[in-house]
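Next come the chains, spelled out residue by residue.
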Amino acid sequence: MNSNSNAIFTLCSHLCVGDNVVPLEPKEWGDLAKKLMGAGLQPESIFDLSKAELKEKLFVSEEYADRIFRLIDRNASLSFELSQLQNIGISAITRADKEYPSKLKKVLGNNCPPVFYVAGDISLLDYKYIGYVGSRTVSEDDITFTKETVSKTINSGFGVVSGGAKGIDTVSEEQALEMGAPIIEYLSDSMLKKIKKSSVVRALSNRKMLLLSVVKPDAGFNVGIAMMRNRYIYAQSSGTVVVRSEYNKGGTWAGAVENLKYGWCKELCWDKKTYQGNKALIERGAIPIGNDWNGDIESLESSSLNAGGEQLSLFD
């Protein structure tokens, strides 16, 4: 971790949080980054500024400056905690690291989180991916369609990116592992629990799986984080397949609607007539696909695609 990355991690990590220690949230970090850039400073500069200089150069309040200094004071504890995590295979990357997911930077711009916790082969980010999302409750038809569609996209040269949840996520990942294709999971809860599963241990050892999470490795499930990670799945993929969505409710619906709004990637939706959520997404602009689709993502056209992400800020 370089010095700029260390500064971002120190300010934004939720490890080693004690009394009155409040890490910067993504938007807060983005605001501070702009102030640093405006002052001609790098993130690492925060370690050298006095409280008076912090207030003067970055135009922040006394209370905010105190908050920054409390975050800086835990730097040694953070380094120790991170080294303990690295011993069990979990590291951290920030927007100042060259290993940070470049696809997310390109697509999401300033909406990228400042920190990701990582387990697995980081070079898997260089591969091309198709996202798979859908209900946690699945039918036999859902499973069959998912497996067949994953096989087609893998044969077209893509890996699988998902959220690692039960249902469609798990089915798509299992099919990818069976075929020897790479997997990326954007998690919304405990990475520590995830890396203890035997199937995950094998996939990590075989360098076929990469886990990323914005929350600290021992965090429990959080609905807000689960909703937010959907955008990372879409942004990481060349196209995302919606296998099954409830109409106007649930994380799958919310993520699919958000992608149609911002156009992060092509959105494909199973044209199953009895699924009202799928039907509504297609009416909103998702590309309908059926069992006869050959897995060729490049030839599909979508009117919802955005021209690109937002302009990147400092340290992107």
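Just so we're clear, the structure is a prediction, and the values are computed from it rather than from any experiment.

Participant: Residues and numbers for unusual backbone geometry, please.
Facilitator: Positioned with a positive phi, N20 is a non-glycine residue whose angle comes to about 60°. Summarising the element assignment, N20 is placed in the loop between α1 (3–12) and α2 (26–38). When its relative accessible area of 57% is taken as the criterion, N20 is described as exposed. Look at N248: it is not a glycine, yet its phi comes out positive at around 60°. Structurally, the position occupied by N248 is in the loop between β7 (239–244) and α12 (250–262).

Participant: Would you mind going over the packing of aromatic side chains in detail, with residue names and values included?
Facilitator: Taken as a whole and assessed by the stated rule, the structure comprises 10 aromatic pairs. An aromatic cluster is built from Y100, F116, Y186 and Y232, whose rings are joined through pairwise contacts. For the cation-ring pair, K128 lies above F158, with the distance from its terminal atom to the ring centre recorded as 4.7 Å. Above the face of the Y275 ring, K272 is positioned so that its terminal group lies 5.5 Å from the ring centre.

Participant: Explain the environment of V171 to me, and be specific about the residues and the numbers.
Facilitator: Looking at the element boundaries, V171 is found in helix α8 (residues 168–178). Not counting the four nearest positions on each side in its chain, V171 is found in contact with I143, T146 and K147.

Participant: Please give an account of the packing of α12 against helix α13 (residues 276–284) that cites residues and values.
Facilitator: At a minimum axis separation of 10 Å, α12 and α13 run at an interaxial angle of 10°. Comparing the axis directions of α12 and α13 gives the class roughly parallel. In this structure, α12 uses W253, A256, V257 and L260 to contact α13, whose residues at the interface are G277, A280, L281 and R284. In terms of residue class, the contact of α12 with α13 is built from 6 nonpolar, 1 polar and 1 charged.

What counts, and at which threshold
Residues numbered from 1 in each chain as written. Predicted model: local features only at pLDDT ≥ 70, side-chain atom pairs only at ≥ 80, totals over all residues. Heavy atoms only, no water. Helix = DSSP H or I, 4+ residues; strand = E, 2+ residues; numbered from the N terminus. Buried < 20%, exposed > 50% of the residue type's maximum accessible area, 1.4 Å probe, protein only. Phe/Tyr/Trp six-rings, centres within 6.5 Å; stacked < 30°, edge-to-face > 60°. Lys NZ or Arg CZ within 6 Å of the ring centre and 35° of its normal. Contact = heavy atoms within 4.5 Å. Axes fitted to C-alpha atoms, helices over the stretch in contact; angles between N-to-C directions. Parallel < 35°, antiparallel > 145°, perpendicular 65-115°, else oblique. Nonpolar A, V, L, I, M, F, W, Y, C, P; charged D, E, K, R; others polar.

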